[in-house]
Amino acid sequence: MTVRTDWSRDEVAALFVLPFGELMWRAQAVHREWHAPGEVQLCTLLSIKTGGCPEDCGYCSQSAHAETGLKAEKLMDVDAVLASAAEAKAAGSQRFCMGAAWRNPKDRDMDAIVRMVEGVRGMGMETCMTLGMLSGDQARRLADAGLDYYNHNIDTSPENYGNVITTRTFQDRLDTLEQVRAAGINVCCGGIVGMGETRADRVGFVHALATLPRHPESVPVNALVPVKGTVLGDMLADTPLARIDDIEFVRTVAAARITMPKSMVRLSAGRESMSEAVQALCFMAGANSIFTGDKLLTTGNRGDSADAALFEKLGLAPLAGEEPARVCEAAE
Ligand code: SAM
Ligand code: DTB
Ligand code: SF4
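Cut-offs and rules
- Residues numbered from 1 in each chain as written.
- Chains lettered and ligands numbered in written order.
- Predicted model: local features only at pLDDT ≥ 70, side-chain atom pairs only at ≥ 80, totals over all residues.
- Heavy atoms only, no water.
- Buried < 20%, exposed > 50% of the residue type's maximum accessible area, 1.4 Å probe, protein only.
- Helix = DSSP H or I, 4+ residues; strand = E, 2+ residues; numbered from the N terminus.
- Pairing = 2+ DSSP bridges.
- Right-handed = clockwise from strand over helix to strand, strands pointing away.
- Salt bridge = Lys/Arg side-chain N within 4 Å of Asp/Glu carboxyl O.
- Near = heavy atom within 4 Å.
- Polar contact = N/O pair within 3.5 Å; in protein donor to acceptor, adjacent residues only side chain to side chain.
- Areas by Shrake-Rupley, 256 points an atom, 1.4 Å probe, with all protein chains shown as cover.
- 1 Å grid on protein atoms, 1.4 Å probe; cavity = no way out; pocket = protein on both sides within 12 Å on 5 of 7 lines; lining within 4 Å.
- Sits in = over half its atoms within 2 Å of the grid points.
- Nonpolar A, V, L, I, M, F, W, Y, C, P; charged D, E, K, R; others polar.
- Core = buried A, V, L, I, M, F, W, Y, C linked by side-chain atoms within 4.5 Å.
- Contact = heavy atoms within 4.5 Å.

Turning our eyes to something else, we now look at the pairing of strand S1 (residues 39-49). Where burial is concerned, most of S1 is hidden: 10 out of the 11 residues are buried. Here S1 pairs with strand S10 (residues 317-318) via 2 bridges, running parallel. Following the sheet pairing, Glu39 is matched in S10 by Ala317. In the sheet, S1 pairs with strand S2 (residues 95-100) via 6 bridges, with the strands oriented parallel. Looking across to S2, one finds that Leu45 is bridged to Cys97. Crossover connection from S1 via helix H3 (residues 78-90) to parallel S2: handedness right-handed.

Structure, rendered in structure tokens:
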């Protein structure tokens, strides 16, 4: 089977309406062709610069436009970041993802950022950063420091983007993704399901990712974590029926797996309030990466002991060795 970047919207929409058993069967077939079944990548997040963000993303606890009571903090010290990475490594994590609540990094922050990347890499972990928009120069500096992945989400369909965020455009996102690619850094790009979007938006979201010139190496699929004081968190509190249907969430994961066969599909935010059965369905639908630990950036996560118990129950194991996506690439 080949990797296609010419999916039509109709083709993606047709996946979403397959009988559920058929969709899961197809997702499993693709998954087993490209990845070791039962192996899940473990990633850990750290917020290296929390709160006070000028952007107005309607889901985000860290936006200065939201009233979440979150205290804005300065960029963390390099040593404190490295201590946290060492803890994550000791807990078995394979990738350390550092996130900053910035529209874009300032050039004066770049020296510290570079030392963080070099330090975490020196420990033998994969590095990922998510710092907002990047200039070409900044992307090249990160690449020179040895950054493995840059996370920059498109979040939703192009049509729905303006309903969620008004301080930047969908095209701004694509521009940064291009700079990241041009610098030779692997791309981590996905979005959020459950923001009150329509099925057509979920189709458009998967379609936009699957028709990028090259598929992101990692595709995080987040379920909205409703945070009080954010536009979308409050919307969900007022209209609980707007919460994403579990099966529809699994269908989105399966559509991502089928259309982007080589990518690591990460079952990202939202697992804390997801039943084990739904998570199991997501793994069957082709998700093969999670965030570990008891904290994401500002909100809670399931924690390592709950995840260890789930892995035991499902017969899952941490990803061994190099990521299959890269192994396949080398074998091409
Ligand atoms: N400021 C940077 C940016 O937006 O590019 C990086 C950090 S931002 C918090 C990273 C991603 O986390 C967002 O693009 C969004 O997809 C996800 N995210 C943020 N808040 C979330 C929430 N409440 N629920 C689910 N996902 C969320
Ligand atoms: C992604 O897609 N999900 C992660 C990571 N990329 C940076 C962030 C999830 C954040 C969830 C809300 C919070 O903890 O603030
Ligand atoms: Fe800022 Fe990123 Fe949150 Fe948007 S998602 S408000 S850019 S931290």
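What follows covers the pattern of salt bridges. Enumeration over the complete set of coordinates arrives at 19 salt bridges. Across the pair Arg214 and Glu217 runs a salt bridge, and its minimum N-O distance is 3.1 Å. Assessed through its relative accessible area of 42%, Arg214 is described here as partly exposed. For Glu217, a relative accessible area of 8% puts it in the buried group. Glu276 is paired through a salt bridge with Lys313; the nearest N and O atoms lie 2.5 Å apart. One end of the pair, Glu276, is in helix H11 (residues 276-284); the other, Lys313, is in helix H12 (residues 304-314), and 37 residues separate them in sequence. Take Glu276: its relative accessible area is 25%, and that puts it in the partly exposed class. The exposure class of Lys313 is exposed, given its relative accessible area of 63%. The network of salt bridges with shared partners includes Arg271, Glu276, Arg302, Asp307 and Lys313.

Taken together, 16 residues lie around ligand 1, and Thr130, Asn153, Asp155, Arg173 and Val225 are the ones closest in. Between ligand 1 and the protein, one listed contact pairs a nitrogen atom with a backbone N or O atom of Trp102 at 3.4 Å. One nitrogen or oxygen atom from the main chain of Val225 is found 2.9 Å from a nitrogen atom belonging to ligand 1. In the complex, the protein chains occlude 89% of the 560 Å² of accessible area that ligand 1 would expose alone. At a threshold of 2 Å from the grid points, most atoms of ligand 1 map onto the largest cavity. Its residues placed into classes, the shell around ligand 1 shows 9 nonpolar, 5 polar and 2 charged.

Grouped together as the largest cluster of nonpolar side chains are 89 residues, with contacts concentrated most on Ile48, Met129 and Phe249. Excluding residues that lie within four positions of it along the chain, Ile48 makes contacts with Lys74, Leu75, Met76, Val81, Met98, Gly99, Ala100, Ile113, Met116, Met129 and Leu131.

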